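# Fold and geometry: a report
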Amino acid sequence: MKHALIPLLLLAMAGSAQADTSQAQTDESPLARTSSWPTADISQTSHQLYQLKEPIPLSARATALASAEWLKTGFAPSMVGTNGQVMYPYGQSHPAITCAPEHICVLQLLPDEHITNLSIGDSVRWLIQPAMAGNRPVVVIKPTVAGLNTNLVVTTDAGRVYYITLVSNRHDYVPLVGFYDPQQLVINMQQQAEAAKAAEQAKIEAQKQAVVAPLGTIDPATLDFNFACKPGHGSDDEDFKPVRIFAGNGHTYLQMPAGMKDADKPAVFNYRDKQAELMNSRLVHDYVVIDGLPQKFELVVGVGSSARNEVCEHNPKTGWFN
């Protein structure tokens, strides 16, 4: 009885070996066999993404827009570039990279980091080699046969861990795959916005100081506020009439309506011996600063018949002006 079972066992083993051989030789995608993996989250391979998505230029603007979408919706899209590259969002996807025998796949990691370790599940039938391209680490990948699947883990000194599924197919493959980090890009954009806001605030403070600085150590009680202004040539448009005028330390300061732009700054003409001369002036944080102490001057906006003007005059008896 024992001897009678041996031929049956050999027949069963031969049938199993034949089935394994035919499966190894097929060119079908091995992703169908990953459905039993308890932790795999793979929906599309790099080649399927390449076929389905419209290629776009993979510029800094593209990754910034994708990161903004992630911040708004929680979804970071994978992208296909006009250069043939498929780009995955780091930390927001489980890439399945399709490579082909006798061809090279290049995996580009994020810039300004270095690979500390490479671990691959099948080190016999897959060839991998780390390299550097400028400040960006890359991994060169090559399968020896079609119909393989394995996993690759890459760690870097930036604290990132790349977990990647590798599949091999003789015809369907993508030679170039990369990553962008939406979370880091959002952090960078927020930091840039904060830096720009701080720089703008510093500029405003500097402009404020530029108004006060020429006063030096002058006693505020000695400042001369005895100026009066009125519309000139029958004009009743006072949208650029100074809010306040004072003089000191060789300068005359005109506080203008808030929000005046440099392009709206009036020209200043000094009246002396019935002659008008253009004076040096500049707009500093809503103040027109005039170099000099004119007794009578005119503010002019526009030219010709559309010109508007305001005439201001020093009057020791005026005090606060009208």
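That block above? That's the structure.
This report concerns the structure included in the present document. (Residues numbered from 1 in each chain as written. Predicted model: local features only at pLDDT ≥ 70, side-chain atom pairs only at ≥ 80, totals over all residues. Heavy atoms only, no water.)

Attention shifts here to the packing of aromatic side chains. The tally for this structure, following the rule as stated, stands at seven aromatic pairs. For the pair Y162 and F179, a centre-to-centre distance of 4.9 Å together with 65° between the ring planes defines the contact as edge-to-face. One end of the pair, Y162, is in strand β9 (residues 161-168); the other, F179, is in strand β10 (residues 176-180), and 17 residues separate them in sequence. Here F179 falls in the buried class, since its relative accessible area comes to 5%. Between F246 and Y287, the aromatic rings sit 6.4 Å apart at their centres with planes inclined by 75°, giving edge-to-face as the arrangement. Taken together, the residues F246 in strand β12 (residues 244-248) and Y287 in strand β17 (residues 287-291) connect sequence positions 41 residues apart. The exposure class of Y287 is buried, given its relative accessible area of 18%. When the ring centre of Y90 is taken as origin, the NZ or CZ atom of R160, which lies over that ring, is 5.8 Å away. (Phe/Tyr/Trp six-rings, centres within 6.5 Å; stacked < 30°, edge-to-face > 60°. Helix = DSSP H or I, 4+ residues; strand = E, 2+ residues; numbered from the N terminus. Buried < 20%, exposed > 50% of the residue type's maximum accessible area, 1.4 Å probe, protein only. Lys NZ or Arg CZ within 6 Å of the ring centre and 35° of its normal.)

The next subject is the environment of S119. Along the chain, the position of S119 falls in strand β5 (residues 115-120). The class of S119 is partly exposed, set by a relative accessible area of 36%. Sequence separation between S119 and V153 is 34 residues, and the spatial gap between their C-alpha atoms is 5.2 Å. Those residues in contact with S119 that sit more than four places away from it in its chain are N151, L152 and V153. A distance of 2.9 Å separates a polar atom in the side chain of S119 from a polar atom in the side chain of N117. (Contact = heavy atoms within 4.5 Å. Polar contact = N/O pair within 3.5 Å; in protein donor to acceptor, adjacent residues only side chain to side chain.)

Moving on: the pairing of strand β6 (residues 126-133). As defined by bridge partners, β6 adjoins strand β7 (residues 136-143) across eight bridges and the pair is classed as antiparallel. Looking at β7, one finds that P130 is bridged to V139. As consecutive antiparallel partners, β6 and β7 are separated by two residues, and within that stretch G134 has a phi angle of approximately 70°, a positive value. (Pairing = 2+ DSSP bridges.)

Here we take up the nonpolar core. Among the nonpolar cores identified, the biggest contains 24 residues, and L107, I141, L152, Y162, I164, L166 and F179 are the most heavily contacted of them. If you list the elements that add at least two residues to this core, you get β2 (86-89), β3 (96-99), β4 (105-108), β7, β8 (149-156), β9 and β10. By residue number, the principal contributor to this core is β9, which donates three residues. Listed in part, the 17 residues of the second largest apolar core include A247, V268, V301 and C312. (Core = buried A, V, L, I, M, F, W, Y, C linked by side-chain atoms within 4.5 Å.)

Geometric descriptors of this kind do not, in isolation, establish any biological role.
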